[in-house]
Amino acid sequence: MEMKRKALLSIKEGLRDPFGRLSSWIGEDCCNLAGVGCSNQTGHIVDHRNKYDCPSDGGNSAPPNRFYQLGGTLNPSLLNLTHLNYLDTLPFVNFTSLQALDLSYNKFSSSLPHWLFNFSTLVEVRLRHSNLTGHTPKVSPGNLRNLQVLDLSSSSIGGEIEELIEGLSRCSNCSLETLDLNTNNLAGNLPDSWGFLRNLKFLALGSNKLTGKLSDSLGSLGYLAYLQLSHNAFWGPLLKSVGNLSRLEVLDLRFNMMSGTITESIGQLPRLFQLGLYGNLGIPLKES
């Protein structure tokens, strides 16, 4: 379809492609372009596979060098690929049925495109090590309601974390299981609303500029197995409510400003095998 062909060409124009991974993106037949998959029934573009699976002559062959990274900016023409269900440029998902978006380990030079977060069908968003900047996305209650994985780690994303957490927590049946914002420039306090993310199993917020006391709503995260809050400026006591996290395996609070006592309930967590409290700059934590 002509509209889809033009959309692909617009996407190509915005990208830096130092190794010529998209050199085959010419001509009229989109379905023969490297990494592009089409439906045998409808002819719609339904798939854009990652750089490991994109030989320069199209088709399927052995993975090329893993460091063939794309750069540049993401063009909103992606929205015209309305039947795309998997996007991986590592990685390039019907944006009306988009389920997985993985743009990790690329070298984009743009701000985080907020229009990527306007899809209610997304299950996974992975932008790890993508070199994106800007502020955290605004999440409306109806968007990302099926989201299970949000990985924005190791980028240069800033802004206040409160708005993002509250946006994610507004869904009545929030499905989010993994939230990784590690190593960014996020600031502010964690709001009480993080307790509504009750399906969280993995939460990593380390190496940011977060501060404030931890809220007792932490004790509502009953499925949490991994909690990493190190290298921030959290202060105040280690909450007794942590003792409610019966599935917790890793608790990392190193290099903050916490103080007070280590309650007996921490030692009674049945699955806890890693506890990091080193480097807190408040009054030394003591055993109770």
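Fair warning: this is a prediction, and the values are worked out from it, not measured in the lab.

What counts and how
- Residues numbered from 1 in each chain as written.
- Predicted model: local features only at pLDDT ≥ 70, side-chain atom pairs only at ≥ 80, totals over all residues.
- Heavy atoms only, no water.
- Helix = DSSP H or I, 4+ residues; strand = E, 2+ residues; numbered from the N terminus.
- Buried < 20%, exposed > 50% of the residue type's maximum accessible area, 1.4 Å probe, protein only.
- Areas by Shrake-Rupley, 256 points an atom, 1.4 Å probe, with all protein chains shown as cover.
- Salt bridge = Lys/Arg side-chain N within 4 Å of Asp/Glu carboxyl O.
- Pairing = 2+ DSSP bridges.
- Axes fitted to C-alpha atoms, helices over the stretch in contact; angles between N-to-C directions.
- Phe/Tyr/Trp six-rings, centres within 6.5 Å; stacked < 30°, edge-to-face > 60°.
- Core = buried A, V, L, I, M, F, W, Y, C linked by side-chain atoms within 4.5 Å.
- Contact = heavy atoms within 4.5 Å.
- Expected span 1.5 Å × (residues − 1).
- Arc of directions from axis to C-beta.
- Polar contact = N/O pair within 3.5 Å; in protein donor to acceptor, adjacent residues only side chain to side chain.
- pLDDT = per-residue confidence, 0-100.

Student: Looking at this structure, how should I read the overall build of the protein?
Tutor: Summing up its helical and strand segments, the protein has three helices and 21 strands in all. A total of 288 residues make up the protein; the buried ones form 50% of that total. Counting only carbon and sulfur atoms, one obtains 48% of the accessible surface of the protein, whose full area is about 13200 Å².

Student: When you look at the pattern of salt bridges in this model, what are you seeing that I'm missing?
Tutor: Any two side chains of opposite charge can pair, given that their charged atoms come close. Scanning all chains against the criterion turns up five salt bridges. Between arginine 128 and aspartate 180 there is a salt bridge, with its nearest N and O atoms 3.4 Å apart. Taken as a pair, arginine 128 in the loop between β8 (124–126) and β9 (149–151) and aspartate 180 in strand β11 (residues 178–180) lie far apart in primary sequence, 52 residues in all. Residue class for arginine 128 comes out partly exposed when judged on its relative accessible area of 27%. Residues joined in a network through salt bridges with shared partners are Arg128, Asp151 and Asp180.

Student: Looking at this structure, how should I read the sheet that holds strand β10 (residues 158–160)?
Tutor: Working definition: the strands of a sheet are paired by backbone hydrogen bonds and lie parallel or antiparallel to each other. With parallel pairing, the five strands of this open sheet are ordered in space as β10-β12-β14-β16-β18. With one partner strand each, in any of the chains shown, β10 and β18 (257–259) form the two edges of the open sheet. For this sheet the average axis-to-axis angle between neighbouring strands, irrespective of direction, equals 15°. In this structure, strand β12 (residues 185–189) lies alongside strand β14 (residues 209–212), joined through three bridges in parallel fashion. Counted as the bridge partner of asparagine 189 is threonine 211 from β14.

Student: Teacher, can you tell me more about the packing of aromatic side chains here?
Tutor: Pairs of aromatic rings are described using the distance from one ring centre to the other and the angle between the two planes. One pass over the full model with this rule turns up two aromatic pairs. With 5.5 Å between their ring centres and 80° between their planes, phenylalanine 255 and tyrosine 278 make a pair best called edge-to-face. One end of the pair, phenylalanine 255, is in the loop between β17 (250–252) and β18; the other, tyrosine 278, is in the loop between β20 (274–276) and β21 (286–287), and 23 residues separate them in sequence. Look at phenylalanine 255 and you get partly exposed, because its relative accessible area is 33%.

Student: For this particular structure, what's the right way to read the nonpolar core?
Tutor: One recurring pattern in soluble globular proteins: nonpolar side chains tend to sit buried together. Among the nonpolar cores identified, the biggest contains 62 residues, and Phe117, Leu150, Leu168, Leu179, Leu214, Leu224 and Val242 are the most heavily contacted of them. At the level of secondary structure, the elements contributing two or more residues to this core comprise α1 (2–13), β2 (36–38) and α2 (161–169). Examining the composition of this core, we find that four residues originate from one element, α2, more than from any other. Beyond its immediate chain neighbours, meaning those up to four positions away, leucine 168 contacts Val139, Leu147, Leu150, Cys174, Leu176, Leu179 and Leu197.

Student: Whenever I open this one, the pairing of strand β16 (residues 233–237) confuses me. Can you help?
Tutor: For a regular strand, the rule is simple: side chains alternate between the two faces of the sheet. By the bridge criterion, two bridges tie β14 to β16 in an arrangement that is parallel. Looking at β16, one finds that glycine 212 is bridged to phenylalanine 234. Bridge count for β16 against β18 is three bridges, and the pairing is parallel. The residue bridging tryptophan 235 from the neighbouring strand is methionine 257, located in β18.

Student: What's the story with α1 in this structure? I'm lost.
Tutor: Helical geometry note: an α-helix holds 3.6 residues per turn, so side chains three or four residues apart project in the same direction. Its 12 residues give α1 an end-to-end C-alpha distance of 17 Å, which sits within 8% of 16 Å, the value for a rise of 1.5 Å per residue. Taken residue by residue, α1 has Lys4, Arg5, Ala7, Leu8 and Ile11 as its buried positions. Taken end-on, α1 shows its buried residues confined to a sector of 160°, consistent with a single buried face.

Student: Sorry if this is basic, but what is going on with the pairing of β12 here?
Tutor: Side-chain alternation along β12 places Leu186 and Gly188 on a buried face and Asn185, Ala187 and Asn189 on a face that remains uncovered. Bridge count for β10 against β12 is three bridges, and the pairing is parallel. Of the residues in β12, the one forming a bridge with glycine 158 is asparagine 185.

Student: Help me out: how do you make sense of the side chain of asparagine 184 in this one?
Tutor: Note that asparagine 184 resides in the loop between β11 and β12. A polar contact of 3.4 Å, which involves the side chain of asparagine 184, links it to the backbone nitrogen of serine 155.

Student: Would you take a moment to explain α2 for this structure?
Tutor: What α2 keeps buried is the set Ile161, Leu164, Ile165, Gly167, Leu168 and Ser169. Against the buried residues of α2 lie β9, β10, β11, β12 and β14.

Student: Before we go on, may I ask you to explain the side chain of asparagine 232 in this structure?
Tutor: Position of asparagine 232 relative to the elements: it lies in the loop between β15 (226–228) and β16. Contact partners of asparagine 232, with chain neighbours within four places excluded, come to Leu205, Gly206, Ser207, Asn208, Lys209, Leu210, Phe255 and Asn256.

Student: What's the story with the confidence of the model for the protein in this structure? I'm lost.
Tutor: Do not read the fine detail of predicted coordinates wherever pLDDT is low. Summarising the model, the protein shows a mean pLDDT of 78, and 75% of its residues fall at 70 or more. Averaged over each element, pLDDT in the protein is lowest for strand β5 (residues 86–88) (55) and highest for strand β13 (residues 202–204) (98). For the stretch residues 89–95, pLDDT sits under 50, and the model shows 52 contacts to residues farther than four places along the chain or on other chains.

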